[in-house]
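# Structural overview for review
Each chain, written out:
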Amino acid sequence: MAKQKMGSLGKYWGYLLFVVLITAWWTQAFGPIGLVALSALTTVFFLFQAPVWCGALTRNGEPCRKNARGLLMGCSYQQHKWQKLKLAIVPPKWRQLNRGLWISPEKSLASIAALGGAISAVAAVAQVLIAR
């Protein structure tokens, strides 16, 4: 049986998850462990799966406009994947990475959601530890 591709809405499931995460904090419906799980999934989606532009610097010094998956992943060019990984790991390159996270509206939204998910995960883990 052949593998079928997800519909075009399937690649945006993390945005819905982000809305669920915000609602879960508002209503406290999922409990602390559920908040940790939702936060982790949201953060992973935006860092590694969200459809965004690559943003790696090209030879012309311009940001790459090819499609990529996630804030930390590059496009189909191997060099862009290594460049994005290097930006995330090497501390002196973090300023350059930060500039690249805000180059387009969809990348800005993904950056805000990833940051929100990470902060939410830390807060949820703290809530679990305090409750014990």
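Below is a short write-up of the structure. (Residues numbered from 1 in each chain as written. Predicted model: local features only at pLDDT ≥ 70, side-chain atom pairs only at ≥ 80, totals over all residues. Heavy atoms only, no water.)

## Structural notes on helix α2 (residues 31–48)
Which entries qualify depends on this criterion: Numbering goes from the N terminus for both helices and strands, where a helix is a DSSP run of H or I of at least four residues and a strand is a run of E of at least two. Given the number of residues in a helix, its expected span is that number minus one, multiplied by 1.5 Å. Partly exposed residues are those whose accessible area sits between 20% and 50% of the maximum for their type, while under 20% is buried and over 50% is exposed, using a 1.4 Å probe and protein chains only. What the arc measures is the spread of directions leading from the helix axis to the C-beta atoms. Should any heavy atoms of two residues lie within 4.5 Å, those residues are considered in contact.
Over its 18 residues, α2 runs 26 Å from end to end, which matches the ideal 26 Å to within 8%, given 1.5 Å per residue. If you check which residues of α2 are buried, you get Gly31, Gly34, Leu35, Leu38, Ser39, Thr42, Thr43, Phe45 and Phe46. All buried residues of α2 fall inside an arc of 160° around its axis, so they share one side. Buried residues in α2 make contact with α1 (13–27), β1 (51–53) and α5 (105–131).

## Section: the nonpolar core
Spelled out, the test is: Among the buried residues, those of types Ala, Val, Leu, Ile, Met, Phe, Trp, Tyr and Cys that are joined through side-chain atoms within 4.5 Å form a nonpolar core.
By size, the foremost hydrophobic cluster in this structure holds 19 residues, and its most contacted members are Phe46 and Ala110. Looking at this core, the elements that each hand over two or more residues are α1, α2 and α5. Broken down by element, the residue count for this core peaks at 5 residues, all from α1. In this structure alanine 110 touches Tyr15, Phe46, Val52 and Leu71, once residues within four positions along its chain are discounted. Among the nonpolar cores identified, the runner-up in size contains 5 residues, and Cys54, Ala56, Cys64 and Ala68 belong to it.

## Section: the packing of aromatic side chains
Using the following cut-off: Ring pairs shown here join Phe, Tyr and Trp side chains whose ring centres sit within 6.5 Å, with only the six-membered ring taken for Trp; geometry is labelled stacked below 30 degrees between planes, edge-to-face above 60, and tilted in between. Note on criteria: charge over ring means Lys NZ or Arg CZ within 6 Å of the ring centre, with the direction from the centre no more than 35 degrees off the ring normal.
Counting across every chain of the model gives 6 aromatic pairs. Here the aromatic rings of tyrosine 15 and phenylalanine 46 are separated by 5.0 Å at their centres, their planes lie at 85°, and the arrangement is edge-to-face. A residue pair is termed long-range when its members are at least 10 positions apart, and tyrosine 15 in helix α1 and phenylalanine 46 in helix α2 qualify at 31 residues. Each member of the pair, tyrosine 15 as well as phenylalanine 46, is classed as buried. Measuring from ring centre to ring centre gives 6.2 Å for phenylalanine 18 and phenylalanine 46, while their planes differ by 80°; the resulting arrangement is edge-to-face. With a gap of 28 residues between them, phenylalanine 18 in helix α1 and phenylalanine 46 in helix α2 connect regions that are remote in the sequence. For phenylalanine 18, a relative accessible area of 17% gives the class buried. Pairwise contacts between aromatic rings join Tyr12, Trp13, Tyr15, Phe18, Phe45 and Phe46 into one cluster. Of note, lysine 66 hangs over the ring of tyrosine 77, and the distance from its end group to the ring centre comes to 4.1 Å.

## A closer look at a nonpolar patch on the surface
Put simply, the test is: Patch membership is restricted to residues that have no salt bridge and whose relative accessible area is over 30%. Joining uses 9 Å for like charges and 5 Å for the nonpolar side chains Val, Leu, Ile, Met, Phe, Trp and Tyr. For every accessible area listed, the method is Shrake-Rupley and the probe measures 1.4 Å; residues are considered covered only by the protein chains on display. Here, a salt bridge means any side-chain nitrogen of Lys or Arg that lies within 4 Å of a carboxyl oxygen of Asp or Glu.
A surface patch of nonpolar side chains, about 390 Å² in accessible area, is lined by Trp82, Leu85, Ile89 and Val90. Mapped onto the secondary structure, valine 90 falls in the loop between α3 (78–89) and α4 (94–100).

## Digging into the side chain of serine 111
The line we're drawing: Any N or O atom pair separated by 3.5 Å or less is treated as a polar contact, with the protein-specific requirement of one donor-capable and one acceptor-capable atom, and with residues adjacent in sequence counted only for side-chain atom pairs.
Along the chain, serine 111 turns up in helix α5. For serine 111, the side chain forms a polar contact with the main-chain oxygen of leucine 101, separated by 2.9 Å. Contact partners of serine 111, with chain neighbours within four places excluded, come to Leu71, Leu101 and Trp102.

## A short note on the packing of α1 against α5
As a reminder, the rule being used: Axis geometry follows a simple rule: fit a line to the C-alpha atoms, using only the stretch in contact for helices, then measure angles between N-to-C directions, giving values from 0 to 180 degrees. An angle below 35 degrees is treated as roughly parallel, one above 145 as roughly antiparallel, one from 65 to 115 as roughly perpendicular, and anything else as oblique. Helix crossings fall into two classes, left-handed where the near helix is turned counterclockwise from the far one by less than a right angle and right-handed where it is turned clockwise.
Taken N-terminus to C-terminus, the directions of α1 and α5 make an angle of 40°; their axes are 11 Å apart at the nearest point. In this view, α1 runs oblique relative to α5, as classed from their interaxial angle. Considering how the two elements wind past one another, α1 and α5 form a crossing that is left-handed. In this structure, α1 contributes Tyr15, Phe18, Leu21 and Trp25 to the contact, and α5 contributes Glu106, Leu109, Ala110, Ala113, Gly117, Ser120, Ala123, Ala124 and Gln127.

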